[in-house]
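Working through the structure, step by step
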Amino acid sequence: MEQKRRVFSGIQPSGNLHLGNYLGAINNWVRMQEEYDNYFCIVDLHALTVPQEPEELSRKVREVAAVYLASGLDPERCVIFRQSRVSEHAELSWLLNCVARYGELSRMTQFKDKAQKGGAEVASAGLFDYPVLMAADILLYNAHAVPVGEDQRQHLELTRTIARRFNHDYGETFVVPEPMILTTGARVMSLDEPKEKMSKSSPRPGSYISILDEPDKVRKKIRRAKTDSGSEIIATEDKPAIANLLGVYAGMTGEKIPEVERRYEGKGYGDFKKDLGEVVAEGLAPIRERTLELLDDPAELDRLLDAGAEKAREVAHPNLLRTWERMGLG
Ligand code: AMP
Ligand code: TRP
């Protein structure tokens, strides 16, 4: 039998999982899981790059695991695990730190944005180094493809650069991974500020829809979402708010944006938002309910994560040893 290509992706257990995480990442993982050999990580070490409440963090790890399962990831087909429990990630990260360059990391826009918000002087060194840990996550499994949202493109480009440089300097070792970024849902914007991406760390709950928001809250947030001037329901550049809502609609139903535009020809924003509220509320409701059920049995989630870590290590460990050897630590 032909070997399946391998996929790796991850989400940080910080803040609230939102519609952007669902449409940009999880929903695509669910759809492709049959075709690939899948590794889906809960990247708790990445979450530490900005301050976290220790107690909150372990609760969030289980919540992300529960959302993965509730969204339809099948533990028989996907290795689901926690990054910190496979210490090879941190170890490879150090080795790759010695391959990545300061100049490259200085150019990462996510670091520049985040550091600018809190003040670059007090940003953690971990925040600066974040993309190298991400490269380690991916290269440790020799993943062929990495399904993520648009915001991760630059980090993936760096991962490719690191892999190529390593292979050039030390001999063929890592698969150079391809980004998998879909066109619809890859960049969901804030509901109240369509120029900003929907984000977990937003202090404004009206800006995002959490996967765990109650259906009525979802409807209300969409009703209140910002719209543009004019009345046509079309995704043009001068209509960033409506374009975003159309993208959400299409992402949730699996349609293409032009199909949705056609359906709403001649209709008003009010009708469109009302329907969109239903589409999103109904789409998320079963995921929310199943997540809450799963969270009732934290021991079972922990067991699943431990089993996942063990499977992950079977791939990660030999790859780390090989990297040691290549670098002269064998
Ligand atoms: P994070 O929330 O930063 O851990 O991101 C987890 C995954 O969700 C990554 O694949 C991101 O690219 C994706 N993602 C995060 N925010 C958005 C967004 N607003 N739109 C689309 N995808 C997103
Ligand atoms: N940096 C990613 C994000 O914030 C999360 C992440 C960490 C990741 N390691 C990864 C995504 C490896 C894909 C592959 O969205």
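Residues numbered from 1 in each chain as written. Chains lettered and ligands numbered in written order. Predicted model: local features only at pLDDT ≥ 70, side-chain atom pairs only at ≥ 80, totals over all residues. Heavy atoms only, no water.

Our focus in this paragraph is the pattern of salt bridges. Applying the stated criterion across every chain yields a total of 23 salt bridges. Salt-bridge contacts for Asp74 lead to Arg77; the nearest nitrogen and oxygen are separated by 3.2 Å. Among the residues examined, Arg77 registers a relative accessible area of 35% and is labelled partly exposed. Across the pair Asp213 and Lys217 runs a salt bridge whose closest N-O atoms are separated by 3.9 Å. Via salt bridges that share partners, Glu56, Arg59, Lys60 and Glu63 belong to a single interconnected network. (Salt bridge = Lys/Arg side-chain N within 4 Å of Asp/Glu carboxyl O. Buried < 20%, exposed > 50% of the residue type's maximum accessible area, 1.4 Å probe, protein only.)

Before going further, it helps to spend a moment on the site of ligand 2. With respect to spatial proximity, 13 residues lie near ligand 2, and among them Gln12, Tyr130, Met134, Asp137 and Gln152 are the closest. Contact between ligand 2 and Gln152: a nitrogen atom at 3.1 Å from a side-chain N or O atom of the residue. In isolation ligand 2 offers 360 Å² of accessible surface; the protein chains occlude 91% of this area. Among the elements of the structure, strand S1 (6–11) and helix H7 (125–139) are those that each provide at least two residues to the shell around ligand 2. By residue number, the principal contributor to the shell around ligand 2 is H7, which donates four residues. Taken together, the residues of the shell around ligand 2 sort by class into seven nonpolar, five polar and one charged. (Near = heavy atom within 4 Å. Polar contact = N/O pair within 3.5 Å; in protein donor to acceptor, adjacent residues only side chain to side chain. Areas by Shrake-Rupley, 256 points an atom, 1.4 Å probe, with all protein chains shown as cover. Helix = DSSP H or I, 4+ residues; strand = E, 2+ residues; numbered from the N terminus. Nonpolar A, V, L, I, M, F, W, Y, C, P; charged D, E, K, R; others polar.)

A word on the environment of Cys78. Considering the arrangement of structural elements, one finds Cys78 in strand S3 (residues 78–82). On the basis of relative accessible area, Cys78 is assigned to the buried category, the value being 3%. Taking the C-alpha atoms as reference points, Cys78 and Ile234, 156 residues apart in sequence, are found 38 Å from one another. What Cys78 contacts, discounting residues up to four positions off in sequence, is Gln33, Asn38, Phe40 and Leu73. (Contact = heavy atoms within 4.5 Å.)

Mapped onto the elements, Gln110 comes out in helix H6 (residues 109–118). Overall, Gln110 belongs to the buried group, its relative accessible area being 14%. Apart from residues lying up to four places away in sequence, Gln110 is in contact with Tyr130, Asp151, Gln152, Gln154 and His155.

Around ligand 1, the surrounding shell holds 18 residues, and the nearest of these are Asn21, Gly149, Asp151, Val188 and Lys200. Gly149 is positioned such that a nitrogen or oxygen atom in its backbone is 2.8 Å from an oxygen atom of ligand 1. Here an oxygen atom of ligand 1 and a side-chain polar atom of Asp151 are 2.4 Å apart. Burial of ligand 1 by the protein amounts to 93% of the accessible area it has alone, namely 480 Å². Listing elements by their share of the shell around ligand 1, those giving two or more residues are S1 and helix H1 (19–32). The greatest single-element share of the shell around ligand 1, amounting to four residues, is contributed by H1. Of the residues belonging to the shell around ligand 1, the class tally is six nonpolar, nine polar and three charged.

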